[in-house]
Amino acid sequence: MHSEMIVKPEIIVLDDTVQVAHKGAALLASAAMRCLLRRNHFSLALSGGNTPRPMHRTFAREPYRSLIPWHRLHLFWVDERCVPPDDPASNYGAARADFLDRMPIPARHVHPMPFSMEPAEGALSYEREIRRVLESEKGDTLFLDMVFLGLGRDGHVASLFPGDKSLKELERPVIAVRGGDPDLPRLTLTLPLINRIREIVFLVTGKEKAPVARAVLKGDGENLPARRVQPRNGTLTWLLDREAASMLHLGG
Ligand code: 6PG
């Protein structure tokens with residue numbers, strides 16, 4: 001039997017998407033600086049979709065451009081659609097356009113998910129890549145330092161969709177799935193890996209996310225994938241704008 005501890009998230013509500021973008025960047029800056037006092041590198045996993053894009057653009061602007069020790073970051077992806085980087089559906093391609101191409105990050109520190117391999121093989125290859133990169137830093141190779149997650153309107157997180165067998169994966173850190181919008185073959189990190197990340201931050205903005213944010217945070221969404229994000233040994237923070245938080249009825 002495995003007991004599921006329910007970690008209470010810290011919920012931060014900000015006025016709008018601009019404020020959420022700034023707060024996300026500030027959280028990254030402080031997490032990276034804390035970690036880099038002890039180690040040489042900091043590992044971060046990025047999500048795709050639209051929500052993180054304003055934050056990604058904010059990364060490339062001051063003060064974050066100078067404040068964040070970009071050359072000491074290793075960047076991974078939470079999930080990816082199996083399309084080339086110049087396809088509008090590519091999460092890696094979007095991140096390049098939004099900030100990566102303008103940042104002082106060594107190319108060997110940027111780890112996009114493979115898009116041209118057969119997906120099952122791509123998943124294994126990405127697992128090996130994560131292990132290879134993190135091995136030199138830590139004894140236990142599967143602890144990434146930080147992740148930004150998005151939330152789908154149906155409660156999905158990463159490319160883990162409601163009712164899908166990917167949610168039952170207990171061993172493999174990266175798997176191939178199919179689904180979502182756009183409905184494409186995808187690679188995704190799994191819950192066992194996500195739940196071992198030290199700092200987990202959900203970014204949720206816009207009024208169309210208000211019902212699902214309520215379902216996940218206020219208890220009526222037991223079976224939603226996002227509800228299963230429960231760090232084993234880390235922190236869970238939700239950054240929402242007012243619209244996305246409008247059905248939470250937070251006191252105060
Ligand atoms: C993906 C994402 C996915 C995303 C949600 C929310 O590549 O599809 O990583 O999990 O975070 O679908 O997407 P939006 O931010 O576009 O609403």
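Chemist: Mind showing me how you'd approach the sheet that holds strand S5 (residues 146-149) here?
Modeler: Adjacent strands of a sheet form backbone hydrogen bonds with each other and so pair up, either parallel or antiparallel. A sheet is described by the order of its strands in space; here 6 strands give the open sequence S1-S9-S8-S5-S2-S3, paired in parallel fashion. The outermost strands of the open sheet, each flanked by one partner alone, are strand S1 (10-14) and strand S3 (73-77). Going across the sheet, the axis of each strand differs from the next one's by a mean of 20°, ignoring polarity. By the bridge criterion, 4 bridges tie S5 to strand S8 (residues 199-204) in an arrangement that is parallel. The partner of Phe 148 across the bridge, within S8, is Val 201. Helix H1 (residues 17-36) rests against S1, strand S2 (42-46), S3, S5, S8 and strand S9 (235-241) of the sheet, and its axis sits at about 160° to S9. Taken strand by strand, helix H5 (residues 119-135) contacts S2 and S3, and its axis lies near 165° from that of S3.

Chemist: What's the story with the site of the ligand in this structure? I'm lost.
Modeler: Around the ligand there are 14 residues in total, and Thr 51, Asp 79, His 156, Ala 158 and Lys 209 lie nearest to it. The contact in question runs from an oxygen atom of the ligand to an N or O atom on the side chain of Asn 91, over 2.7 Å. Here the ligand loses 87% of its free accessible area of 420 Å² to cover by the protein chains. Mapping the ligand onto the cavity grids shows that it belongs to the largest pocket. Along the lines of polarity and charge, the residues of the shell around the ligand split into 2 nonpolar, 8 polar and 4 charged.

Chemist: Looking at this structure, I do not really get the sheet that holds strand S6 (residues 174-179). What am I missing?
Modeler: Overall, antiparallel pairing links the 3 strands, which are arranged S4-S7-S6 in an open sheet. The open sheet has two edge strands with one neighbour each: strand S4 (79-81) and S6. The mean angle between the axes of side-by-side strands here comes to 25°, regardless of whether they run parallel or antiparallel. Pairing of S4 with strand S7 (residues 184-189) involves 3 bridges; the strand directions are antiparallel. Bridge assignment links Glu 80 to a residue of S7, and that residue is Leu 187.

Chemist: Please explain the nonpolar core as it appears in this structure.
Modeler: Inside soluble globular proteins, nonpolar side chains tend to come together where they are buried. In terms of nonpolar packing, the biggest core is built from 79 residues, with Phe 42, Trp 77, Phe 99, Phe 148, Leu 189, Phe 202 and Trp 238 touching the most fellow members. The element best represented in this core is H1, accounting for 9 residues. Setting aside residues up to four positions removed in sequence, Phe 148 forms contacts with Gly 24, Leu 28, Leu 44, Ala 45, Leu 46, Ser 47, Met 55, Phe 59, Val 78, Val 201 and Leu 203.

Chemist: Help me out: how do you make sense of empty space enclosed by the protein in this one?
Modeler: Any space left empty among the atoms is revealed by the rolling of a water-sized probe across them. Across all of its chains, the model carries 2 cavities of 30 Å³ or more by this definition. Roughly 40 Å³ of volume is contained in the largest cavity. Surrounding the largest cavity, Thr 17, Val 20, Ala 21, Thr 51, Pro 54, Met 55, Leu 203 and Thr 205 form its lining. Every element with two or more residues in the lining of the largest cavity is listed here: H1 and helix H2 (53-59). Top element by residues in the lining of the largest cavity is H1. It accounts for 3 residues.

Chemist: Would you mind showing me how to read unusual backbone geometry here?
Modeler: Generally, phi is negative for residues other than glycine and the peptide bonds are trans, each holding for most cases. The residue after Glu 62, namely Pro 63, is reached through a cis peptide bond having omega 5°. Along the chain, Pro 63 falls in the loop between H2 and helix H3 (64-67). Residue Pro 182 is reached from Asp 181 by a cis peptide bond, and omega for that bond is 0°. Summarising the element assignment, Pro 182 is placed in the loop between S6 and S7. Not every positive phi belongs to a glycine, and Ala 158 is a case in point at roughly 50°. Here Ala 158 is to be found in the loop between S5 and S6. Even without being glycine, His 249 reaches a positive phi, approximately 50°. Residue position: His 249 is located in the segment after S9.

Procedures and definitions
- Residues numbered from 1 in each chain as written.
- Predicted model: local features only at pLDDT ≥ 70, side-chain atom pairs only at ≥ 80, totals over all residues.
- Heavy atoms only, no water.
- Pairing = 2+ DSSP bridges.
- Helix = DSSP H or I, 4+ residues; strand = E, 2+ residues; numbered from the N terminus.
- Axes fitted to C-alpha atoms, helices over the stretch in contact; angles between N-to-C directions.
- Contact = heavy atoms within 4.5 Å.
- Near = heavy atom within 4 Å.
- Polar contact = N/O pair within 3.5 Å; in protein donor to acceptor, adjacent residues only side chain to side chain.
- Areas by Shrake-Rupley, 256 points an atom, 1.4 Å probe, with all protein chains shown as cover.
- 1 Å grid on protein atoms, 1.4 Å probe; cavity = no way out; pocket = protein on both sides within 12 Å on 5 of 7 lines; lining within 4 Å.
- Sits in = over half its atoms within 2 Å of the grid points.
- Nonpolar A, V, L, I, M, F, W, Y, C, P; charged D, E, K, R; others polar.
- Core = buried A, V, L, I, M, F, W, Y, C linked by side-chain atoms within 4.5 Å.
- Buried < 20%, exposed > 50% of the residue type's maximum accessible area, 1.4 Å probe, protein only.
- Points joined across faces, edges and corners; volume = space filled by probe spheres on them.

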